[in-house]
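Inside the fold
The lines below spell out each chain.
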Amino acid sequence: MNENIIKSWPALELNDLPPKHGKIVVAMSGGVDSSVTAALLVHHGYDVIGITLQLYNHGTAINRQGTCCAGQDIHDARKVADFLGIPHYVLDYETIFKKAVIDDFVDTYLNGQTPIPCIRCNQKVKFNDLLTLAHDLGAVALATGHYVRKKQTQNGPELYQATDKNRDQSYFLFATTRDQLSFLSFPLGNLQKNEIRALAKMIGLNVAEKPDSQDICFVPTGNYAGLIKKLQPGSIEEGDIVHEDGRILGRHNGIINFTIGQRKKLGVINGDGEPLYVIDLDTKKHQVIVGPKSSLYRSYITIQDVHWLGDKDIMLCDGFELFVKIRSTVIPVAATIHPLSKNICRVDFIVPQASIAPGQACVFYKQDRVLGGGWISNNEKVAQKIFQDQQHIVQAIS
């Protein structure tokens, strides 16, 4: 890099810089955020190694805008590494990614749930296999371009929302373990997105104006049903669109085309002209259950595979009050947590919430600190039975 350019860089308040000894691996997806992360660490004198994971291959579609970790993105990451003067390696993780993320994505949809592959990718690939590789290379940290903050305290590492709340990605990192968190670095957590792009443009990175990757990077056309048909032929079955009162209102061409809270593409309305929404998906009967907007609201949910990043075990704290996010794009709302078993919790909302989709994450917050979370379940009957039995035991003891 040009030394005059480096000297002109503004003073930036970076988050969570690792110790300045040994190597640091940067996960380079080919986008502007991870590219600037690598550039900042080089600027601050770190011995940086760039690693890009090739996660899938769209063939003729590899140059499509809004993807990551394939085709043009690998070329962009390599070009940035050359510009920065750092070693860069591309690793073929297609098989691992398909098994851990794509197959899970397909299975989740076929089970009538709405998956979040970004969380699975972080949990099963980037913060698992890539982190292990960084250890094997003798690195002192694995740095990424995620918009989150990490703080090191006497109780260990803590995860926080990013300063730029419009870009905050903490929802997608709730499943990060404390051991993983201690080795991770998120230098961009204190910065705004416009600062990142301005810096990339100033130093001449080829990705300065590159669009951000879309949520489902391996479905660049947005045609989820097409991907599922390709990977599991014959798995999509037609069925009835059924009103919650039992009336059959029409037919659908596969429940994978619908999600909780959806209104579009139904093609049916109530007898009195009231709009209808998807309120449930019955995979056994292949039914899309619809009802009025009021039926979308729920006072509680059950979450499973609960992961905790707090200072004490939440499973020992019945009636634990905090804030939760039930989708990545909503603000946290007040709730009370009731542990039901080792890794299952009931979440009671102070104010009922609408359009809650099984398969999504429910993430715990205390102010801007991330305390963990779990996966929203559609097995409410079993969970409700456990909750009622617990309440009966409590009443009997008291």
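Residues numbered from 1 in each chain as written. Predicted model: local features only at pLDDT ≥ 70, side-chain atom pairs only at ≥ 80, totals over all residues. Heavy atoms only, no water.

1. Focus on the environment of Lys20
Here is the rule: In this description a helix means any DSSP run of H or I spanning at least four residues, a strand means any run of E spanning at least two, and both kinds are numbered starting from the N terminus. By definition, residues are in contact when any of their heavy atoms lie within 4.5 Å.
For Lys20, the location among the structural elements is in the loop between helix H1 (3-7) and strand S1 (23-27). Excluding anything up to four places from it in sequence, Lys20 contacts His44 and Tyr46.

2. Comments concerning the sheet that holds strand S10 (residues 277-282)
The test is simple: Whether two strands pair comes down to DSSP finding at least two bridges between them. Lines fitted to C-alpha atoms define the axes here, with helix axes fitted over just the stretch in contact, and angles between the N-to-C directions of these axes take values from 0 to 180 degrees.
Taken in spatial order, the four strands of this open sheet run S9-S8-S11-S10, and their pairing is mixed. Bordering the open sheet on either side are strand S9 (248-252) and S10, each of which pairs with just one other strand. On average, each strand axis in the sheet is inclined to that of its neighbour by 30°, with strand direction left out of account.

3. Re the pairing of strand S11 (residues 287-291)
Rule in force here: Accessible area is worked out with a 1.4 Å probe on protein chains only. A residue is then buried under 20% of its type maximum, exposed over 50%, and partly exposed in between.
Within S11, five of the five residues are buried, which leaves the element mostly enclosed by the surrounding structure. Along S11, one buried face is formed by Gln287, Ile289 and Gly291 and the opposite face, lined by Val288 and Val290, is buried too. Bridge analysis of strand S8 (residues 239-243) against S11 gives three bridges, and the strand direction is parallel. Bridged to His243 within S11 is Val290. As defined by bridge partners, S10 adjoins S11 across five bridges and the pair is classed as antiparallel. By the bridge assignment, Asp280 is partnered in S11 with Ile289. Hairpin connection, S10 to S11: the antiparallel pair is bridged by four residues, and His286 has positive phi, about 55°.

4. A closer look at the nonpolar core
Note the cut-off: For this analysis, a nonpolar core means a set of buried residues of the types Ala, Val, Leu, Ile, Met, Phe, Trp, Tyr and Cys, connected via side-chain atoms within 4.5 Å.
Core analysis: the largest hydrophobic core is formed by 50 residues, its most contacted members being Phe97, Val125, Leu142 and Phe218. Leave out the neighbours within four places in its chain, and Leu142 touches Val25, Ala27, Lys126, Leu130, Leu131, Ala134, Phe183, Leu184 and Ser185.

5. Here's the deal with the side chain of Thr336
Within the element layout of this structure, Thr336 appears in strand S14 (residues 333-339). Beyond its immediate stretch of four places on either side in the chain, Thr336 contacts Gly319, Phe320, Glu321, Arg346, Val347, Asp348 and Ile350.

6. Overview of the environment of Asn57
For Asn57, the position within the fold is in the loop between strand S2 (47-54) and helix H3 (72-84). Given the relative accessible area of 49%, Asn57 is considered partly exposed. Linking Asn57 and Phe218, residues 161 residues apart in sequence, is a C-alpha distance of 8.3 Å.

7. A look at the pattern of salt bridges
Keep this limit in mind: Here a salt bridge means any side-chain nitrogen of Lys or Arg lying within 4 Å of a carboxyl oxygen belonging to Asp or Glu.
All chains considered together, the criterion is met by 15 salt bridges. When the shortest N-O distance is used, the salt bridge between Asp73 and Lys210 registers 2.9 Å. Of this pair, Asp73 sits in helix H3 while Lys210 is found in the loop between helix H7 (193-203) and helix H8 (224-231), placing the two residues 137 residues apart along the sequence. The exposure class assigned to Asp73 is buried, which follows from its relative accessible area of 2%. The salt bridge partner of Arg197 is Asp212, with a shortest N-O separation of 3.1 Å. Taken together, the residues Arg197 in helix H7 and Asp212 in the loop between H7 and H8 connect sequence positions 15 residues apart. One network of salt bridges, with partners in common, ties together Asp33, Arg167, Lys193, Arg197 and Asp212.

8. Focus on the packing of aromatic side chains
For clarity, the threshold we go by: Two rings from Phe, Tyr or Trp (for Trp, the six-membered ring) form a pair when their centres are within 6.5 Å of each other. A pair whose planes differ by under 30 degrees is stacked, one over 60 is edge-to-face, and the rest are tilted. Any Lys NZ or Arg CZ found within 6 Å of a ring centre and within 35 degrees of that ring's normal is scored as a charge over the ring.
One pass over the full model with this rule turns up nine aromatic pairs. Relative to Phe320, the ring of Trp308 lies with its centre 5.6 Å away and its plane at 90°, an arrangement referred to as edge-to-face. Taken together, the residues Trp308 in strand S12 (residues 298-308) and Phe320 in strand S13 (residues 320-325) connect sequence positions twelve residues apart. Just as Trp308 is buried, Phe320 falls in that class too. Connected via pairs of aromatic rings, a cluster forms that spans Phe97, Phe105, Tyr109, Phe218 and Tyr224. Note that Arg120 overlies the ring of Trp375, its terminal NZ or CZ placed 4.1 Å from the centroid. Seen from the ring of Tyr160, Lys151 lies directly overhead, with NZ or CZ sitting 4.3 Å from the centre.

9. Notes on helix H2 (residues 32-43)
Applicable threshold: Multiply 1.5 Å by the residue count of a helix minus one, and that product is the helix's expected span.
Compared with the 16 Å implied by 1.5 Å per residue over twelve residues, the 16 Å span of H2 between its first and last C-alpha is a close match. Most of H2 is tucked away, with ten of its twelve residues classed as buried. Along H2, the residues classified as buried are Val32, Asp33, Ser34, Ser35, Val36, Thr37, Ala38, Ala39, Leu40 and Leu41. Here the buried face of H2 lies against S1, S2, H3, strand S4 (139-143) and H7. At the C-terminal side of H2, Gly45 shows a positive phi close to 90°.

10. Details of the confidence of the model for the protein
What counts here: Think of pLDDT as the predictor's per-residue confidence, scored from 0 to 100.
The predicted model of the protein has a mean per-residue pLDDT of 85, with 85% of residues at 70 or higher. Throughout residues 392-398 the model reports pLDDT below 50, and contacts reaching past four residues in sequence, or to other chains, amount to zero contacts.

11. Focus: the sheet that holds S2
Spatial ordering of the open sheet is given by S3-S2-S1-S4-S7, a layout of five strands whose pairing is parallel. Only two strands of the sheet have a single partner each, and these edge strands are strand S3 (88-92) and strand S7 (184-185). The sheet contacts of helix H5 (residues 117-136) involve S1, S2, S3, S4 and S7, and relative to S4 the element is tilted by about 155°.

12. Topic: the pairing of S14
Judged by how many residues are buried, S14 sits mostly within the fold: six of seven residues are covered. Summarising the sheet, S13 and S14 pair through five bridges and their orientation is antiparallel. If you follow Val324 over to S14, its bridge partner there is Val333. In this structure, the hairpin formed by S14 and strand S15 (residues 344-353) is closed by a connection of four residues.

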